[in-house]
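Close look at the chain arrangement
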Amino acid sequence: MSQKPLPDHNPLPMKERMKLDRQRMPERPPEERAKCFQEVNLGFGEDLAKQESLRCLSCQKPTCVTACPVSVKVKDFIDLILAGDYLGAAAKIREDNVLPGVTGRVCPQEDQCEGGCTVGKKKEPVGIGYLERFVADWEQRSGVIGLPERAPATGKKVAIIGSGPAGLSCAGDLIQRGHQVRVFEALHDLGGVLAYGIPEFRLPRSIVKQEIENMKKMGVEFETDCVVGRTVTIDELFHDEGYSAVFVATGAGLPQFMKIPGENLNGVYSANEFLTRVNLMRAYRFPEYDEPVYNCKDQDVAVIGGGNTAMDAARVSLRLGAKNVYLIYRRSEKEMPARIEEVHHAKDEGIQILALNNPVAYLGEERVTAVRVQKQELGEPDASGRRRPIPIPGSEYEIPVSVVIIAVGTTANPLVQATTPGLQTNKKNYIVADPETLRTSREGVFAGGDIVTGAATVILAMGAGRKAAASIHDWLTTGVWKPGNGQPAAPLAATAD
Amino acid sequence: MFPIVEARTLAPDIRQLTIFAPRIARRQKPGQFVIVRVHERGERIPLTIAAADPLEGHITIIVQAVGKTTALLNLLRAGDALLDVVGPLGKPSEMENFGTAVVIGGGVGTAIAFPTAKALKQAGNHVIFILGARNKELLLLENEIRAVADELIVMTDDGSYGTKGFVTDALKKLLDEGQKIDHVLAIGPIPMMKAVAGVTRPLMIKTVVSLNSIMVDGTGMCGGCRVGIDGDSQFACVDGPEFDAHQVDFDLLTRRNRAYRELEVSSMADFTDDPMPDIELMRAAGQLGAGDLEPIPARLRSVAR
Ligand SMILES: Cc1cc2nc3c(=O)[nH]c(=O)nc-3n(C[C@H](O)[C@H](O)[C@H](O)COP(=O)(O)OP(=O)(O)OC[C@H]3O[C@@H](n4cnc5c(N)ncnc54)[C@H](O)[C@@H]3O)c2cc1C
Ligand SMILES: Cc1cc2nc3c(=O)[nH]c(=O)nc-3n(C[C@H](O)[C@H](O)[C@H](O)COP(=O)(O)OP(=O)(O)OC[C@H]3O[C@@H](n4cnc5c(N)ncnc54)[C@H](O)[C@@H]3O)c2cc1C
Ligand code: FES
């Protein structure tokens, strides 16, 4: 990456910078937000953004940049904020990250950019995520989104399967390079997990919609209601529809169940079903919208799991009026894979976290009336590096609940694999792709995002989309199906339990 | 948007809609279904593809009005459009020359069974179709079936046409008469499918049923359509919708299909009180063709349970 060093607009001497405390994100009060779907974080205004930016040390070797999966030029964009050039800051982020309004809201920053921040060694790290969101929102409000230029048309067609972050970022890059791009989506709405999974109070739909509108303006075509593998196959896309390359970005959307008694009782949902009913189908506005969901009003709800999905499900059920929401997690709170901010927000809103507890059965006749839980203690670390939960015999007890939401992880979406001969998959049915080039075992077919790594993060999926775009561009321009030297990507450990 | 190219009434509350959906028409196989969403605020509901014309790009669905979405669907005419139609979903019916195949259709299940019956015939089977309905007026596709099946037996609950009795009576009679049966496909109300399974189980006649579980996405993503098969859970949308009847937990299916009864009834009551908000929504979205809608039938009121 060649970049000329930007002037440092920070008027403060280093020592002064270290004295400043991290600015707090203004948020809707817990009592108010627990009842509505409006966004929890209210965003920085100009003053707060400048205040927070002053804390940046303008490191010579910015470790925040290396800690970001797509190497957003953090130091440079913060400098542009200090210069008052917010649109310039947004453009700077967009060089590496096409969905800043999304990642500024949902990235696990504490593990990524902010985890690498030098200030963070002595004090709280610079609020990079908040700043990213600030410039993205500024840009969106200004209405002047500098659409990148398109290279002259190459006449080549690329099909992208899945409109989640991986598919969208790949589409954005390829269209700039002059290729014709069409995104196929199984659902009726675009965005993948951003549309059906992550709730409105964390990621307003308008943010996602705006980004997709931008892509449409740049010429990306979208086809919803098309399940590749059922409605059309990859072979047909190549042979009948004239595509030269296909990027598979179908995500890890299949819910896992625990196969314990009572899981099929009415009122026991997978997190995907519950969140899809509420987020995608707007069941929280029934009867204005037709999709039903169990009335959580004054009910006791159990959510199983400790990831972002579990946190979201718990907070959604609270907003549907639940009286008590228990988040049942088999390890200790320290091991929970959810973003720290979400755990804090959930607790502030009144979610009751029952760590070191695991459900063993659901009870009820027609509808679930209770969950039987067994207490756990922690043993040695397991393959995931986290300490293994060990059941404590005789510790079972029951909690009365009338809605249960299971969020213990997802697996590979299988439809494409099942209908694409010669596409190599691993034991768990994830698609095998070269980590450098994202090539699969089928010529012209690339894959990335959760369908390759297992459930991961938005930014990693976006990074994969960009990598795939570069690699697809190479394939389209050279026609050489380069052997890569990397090993096929190994799936990450599932992070959702 | 997916334009409706033809719409007609087959029986009271049962309409046949032909829809322009070329991708689906090209790939559809008997036993598969689509998921439709009528308008922007609508829910997603599954409906079997009753027929397809790949050259014209048409698919046909047959819809019985049982609740709000199906009632609304049944008000639409040629020239109107559905917002979303996705498919073909589900596994196609298992198709081979079994020998003698008995196809049992109860109520609107007849429409679901018909394309598979046709394919069974084409695969070389001797096809006996047992067609059941509450009364003569509700009988579906009689002429179409007559043209395809080797034998047709009509049963009505009230004896207003054909023989008085249930489809299982006809099936038992065939068996009593010593008819060799190699394969049974039964599609209809859950109690009917359960009863058929009860008849064929002791004789170990392979019996297939199509399960109408509640669905959302139809791609295996939500897990809401899970059904009990041989003590295990499977997803009707991707593992089915057809399953071995002898392994199905019908009571569980009945229970899960009742899950939203109260909300569905209130939704239907609101709609019959005043269908205009839905109609206005569709009009604003340009989904309604020129001219007025079908007159809203007074009988809609009787459909809400
Ligand atoms: C509730 C929830 C909360 C989360 N919270 C966070 C968070 O705070 N921060 C974070 O970084 N990550 C979070 N994640 C994880 C993150 O959302 C995923 O890692 C990311 O979305 C993966 O992107 P993707 O593009 O690979 O797939 P997805 O976003 O899953 O998109 C795949 C798309 O492909 C479509 N599709 C699937 N099969 C087909 C087919 N055959 N034909 C056509 N289309 C198909 C699907 O309908 C879907 O739209 C969360 C996940 C969930 C479920
Ligand atoms: C694979 C499959 C194929 C089907 N094929 C046909 C067909 O060809 N013709 C036909 O008339 N009907 C068919 N059905 C049934 C049809 O989907 C339901 O009648 C319809 O969803 C009812 O919606 P509603 O809003 O009108 O009624 P509601 O008042 O919402 O519900 C009435 C009953 O329909 C069932 N139901 C409700 N919502 C759904 C849903 N999203 N998915 C499935 N069932 C639901 C429930 O048992 C409910 O009690 C099929 C169902 C499945 C699963
Ligand atoms: S309908 Fe969602 S998994 Fe079958």
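Residues numbered from 1 in each chain as written. Chains lettered and ligands numbered in written order. Predicted model: local features only at pLDDT ≥ 70, side-chain atom pairs only at ≥ 80, totals over all residues. Heavy atoms only, no water.

1. Some words on the overall build of chain B
Put simply, the rule is: Each helix is a run of DSSP H or I of at least 4 residues and each strand a run of E of at least 2, with the numbering of both proceeding from the N terminus. In this description the radius of gyration comes from C-alpha coordinates, and the expected globular size is given by 2.2 Å times residues to the power 0.38. For every residue, the accessible area obtained with a 1.4 Å probe (protein chains only) is divided by the maximum for its type, and the residue is called buried under 20%, exposed over 50%, and partly exposed between those limits. All accessible-area figures derive from a Shrake-Rupley calculation using a 1.4 Å probe, and residue coverage is judged against the displayed protein chains alone.
Each helix and strand counted, chain B has 11 helices and 16 strands in total. Radius of gyration (C-alpha) of chain B: 19 Å, near the 19 Å computed for a compact globule of 305 residues. Taken over the C-alpha atoms alone, chain B extends approximately 60 × 40 × 40 Å along its principal axes. Per-residue burial for chain B yields a buried fraction of 57% across its 305 residues. Accessible area for chain B stands at about 12,200 Å²; split by element, carbon and sulfur atoms hold 51% of it.

2. Considerations on the confidence of the model for chain B
A low pLDDT score tells you not to read the predicted coordinates there in detail. Residues and elements named next belong to chain B. Formally: Per-residue confidence from the predictor is reported as pLDDT, which spans 0 to 100. A contact between two residues is defined here by any heavy atoms of the two lying within 4.5 Å.
Counting all residues, the mean pLDDT for chain B is 91, and 95% of those residues have values of 70 or more. Across residues 301-305, where pLDDT falls below 50, the model places 10 contacts with residues more than four positions away in sequence or in other chains. Per the prediction output, this complex has pTM 0.93; the corresponding ipTM is 0.92.

3. Let's talk about the interface of chain A and chain B
Using the following cut-off: By convention, the term buried area covers the 1.4 Å-probe accessible surface removed from two parts as they join, with the contributions of both added. The term salt bridge refers to a pairing of a side-chain nitrogen on Lys or Arg with a carboxyl oxygen on Asp or Glu at a separation within 4 Å. In the analysis that follows, any N or O atom pair within 3.5 Å is treated as a polar contact, provided that within protein one partner can donate a hydrogen and the other can accept it, and provided that, for residues neighboring in sequence, both atoms belong to side chains. When residues are sorted by character, Ala, Val, Leu, Ile, Met, Phe, Trp, Tyr, Cys and Pro go into the nonpolar class, Asp, Glu, Lys and Arg into the charged class, and all the rest, Gly among them, into the polar class.
At the interface, 46 residues of chain A touch 47 residues of chain B. Taken together, both faces of the contact between chain A and chain B bury some 3,900 Å²; the carbon and sulfur share is 48%. Looking at the side of chain A facing chain B, the largest losses of area belong to Arg230, Asn264 and Asp290 of chain A, adding up to 20% of the total buried there. Here chain A and chain B share seven salt bridges between them. Across the chain A-chain B interface, the total number found is 22 residue pairs in polar contact (both at pLDDT 80 or more). Among the elements of the structure, strand E5 (254-255), strand E6 (268-270) and helix H14 (271-280) of chain A are those that each provide at least two residues to the side of chain A that touches chain B. With four residues, H14 of chain A is the largest single contributor of residues to the side of chain A that touches chain B. Residue classes in the side of chain A that touches chain B are distributed as 21 nonpolar, 10 polar and 15 charged.

4. Examining the nonpolar core
Heads up, the rule is: Here, the term nonpolar core denotes a set of buried Ala, Val, Leu, Ile, Met, Phe, Trp, Tyr and Cys residues that are joined through side-chain atoms within 4.5 Å.
Membership of the largest hydrophobic core comes to 69 residues, with the highest contact counts inside it found for Phe77, Ile81, Val102, Ile160, Phe247 and Ile472 of chain A. Counting residues per element, this core draws most heavily on helix H19 (residues 458-478) of chain A, at 10 residues. Not counting residues up to four positions away in its chain, the partners in contact with Ile81 of chain A are Ala49, Lys50, Ser53, Tyr86, Ala89, Leu131, Phe134 and Val135 of chain A. Within the second largest apolar cluster, 58 residues are counted, among which are Ile304, Val404 and Ile406 of chain A together with Leu175 of chain B.

5. A word on the site of ligand 2
Residues and elements named next belong to chain B. Condition: If even one non-hydrogen atom of a residue comes within 4 Å of a molecule or strand, that residue is called near it.
By nearness alone, 27 residues border ligand 2, and Glu43, Pro46, Ile62, Gln64 and Thr70 come closest of all. At a separation of 2.9 Å, a nitrogen atom of ligand 2 approaches a polar side-chain atom of Thr48. Contact distances for ligand 2 include 2.4 Å between an oxygen atom and a side-chain N or O atom of Thr70. When isolated, ligand 2 has an accessible area of 860 Å², and the protein chains bury 92% of it. Elements that contribute at least two residues to the shell around ligand 2 include exactly strand E4 (44-53), strand E5 (58-64), helix H2 (68-73) and helix H9 (261-273). Considered class by class, the residues forming the shell around ligand 2 number 13 nonpolar, eight polar and six charged.

6. A closer look at the site of ligand 1
Residues and elements named next belong to chain A. Around ligand 1 sit 36 residues, and of these Val106, Glu185, Arg202, Val228 and Asp450 come closest. In this structure, a nitrogen atom belonging to ligand 1 sits 2.5 Å away from a main-chain N or O atom of Val106. When the free accessible area of ligand 1 is taken as 1,000 Å², the share hidden by the protein chains comes to 95%. Every element with two or more residues in the shell around ligand 1 is listed here: helix H10 (165-176), helix H15 (308-319) and H19. Looking at which element gives the most residues to the shell around ligand 1, the answer is H15, with three residues. Class assignment for the residues of the shell around ligand 1 results in 19 nonpolar, 12 polar and five charged.

7. A few points about the packing of aromatic side chains
Residues and elements named next belong to chain A. We apply this condition: Think of it this way: a Phe, Tyr or Trp ring, Trp meaning its six-membered ring, pairs with another when their centres are within 6.5 Å, and the plane angle makes it stacked under 30 degrees, edge-to-face over 60, tilted otherwise. Look at NZ for Lys and CZ for Arg. If either is within 6 Å of the ring centre and within 35 degrees of the ring normal, a charge sits over the ring.
By the definition in use, this model includes 13 aromatic pairs over all chains. An angle of 20 degrees between the planes, with centres 4.0 Å apart, marks the rings of Phe37 and Tyr284 as stacked. With Phe37 in the loop between helix H2 (30-33) and helix H3 (46-53) and Tyr284 in the loop between H14 and strand E7 (300-304), the pair connects residues that are 247 residues apart, well separated along the chain. With centroids separated by 5.9 Å and ring planes inclined at 50 degrees, the aromatic side chains of Phe134 and Trp138 adopt a geometry described as tilted. Here the residue Phe134 and the residue Trp138 both occupy positions in helix H9 (residues 128-142), the gap between them amounting to four residues, near one helical turn. Residue classification places Phe134 among the buried residues on the basis of a relative accessible area of 3%. The class of Trp138 is partly exposed, set by a relative accessible area of 27%. In this structure, Arg367 packs its charged tip against the face of Tyr294, placed 3.9 Å from the ring centre. In this arrangement the basic side chain of Arg439 is found over the ring face of Trp481, its NZ or CZ atom lying 5.4 Å from the centre.

8. A few points about the packing of H3 of chain A against H9 of chain A
Residue and element names in this part refer to chain A. Put simply, the test is: Geometry is summarised by axes, namely lines fitted to C-alpha atoms with helices restricted to the contacting stretch, and by angles between N-to-C directions that run from 0 to 180 degrees. Roughly parallel covers angles under 35 degrees, roughly antiparallel covers those over 145, roughly perpendicular covers 65 to 115, and oblique covers all other angles. Handedness of each helix crossing follows the sense of rotation of the near helix against the far helix: counterclockwise by less than a right angle gives left-handed, clockwise gives right-handed.
It is the contact of H3 with H9, at a shortest axis distance of 10 Å, that shows an interaxial angle of 140 degrees. On the basis of the axis angle, H3 is oblique to H9. The way H3 lies across H9 gives a crossing that is left-handed. Between H3 and H9, the contacting residues are Glu46, Ala49, Glu52 and Ser53 on the first element and Leu131, Phe134 and Trp138 on the second. A breakdown of the residues in the contact of H3 with H9 according to their chemical character gives four nonpolar, one polar and two charged.

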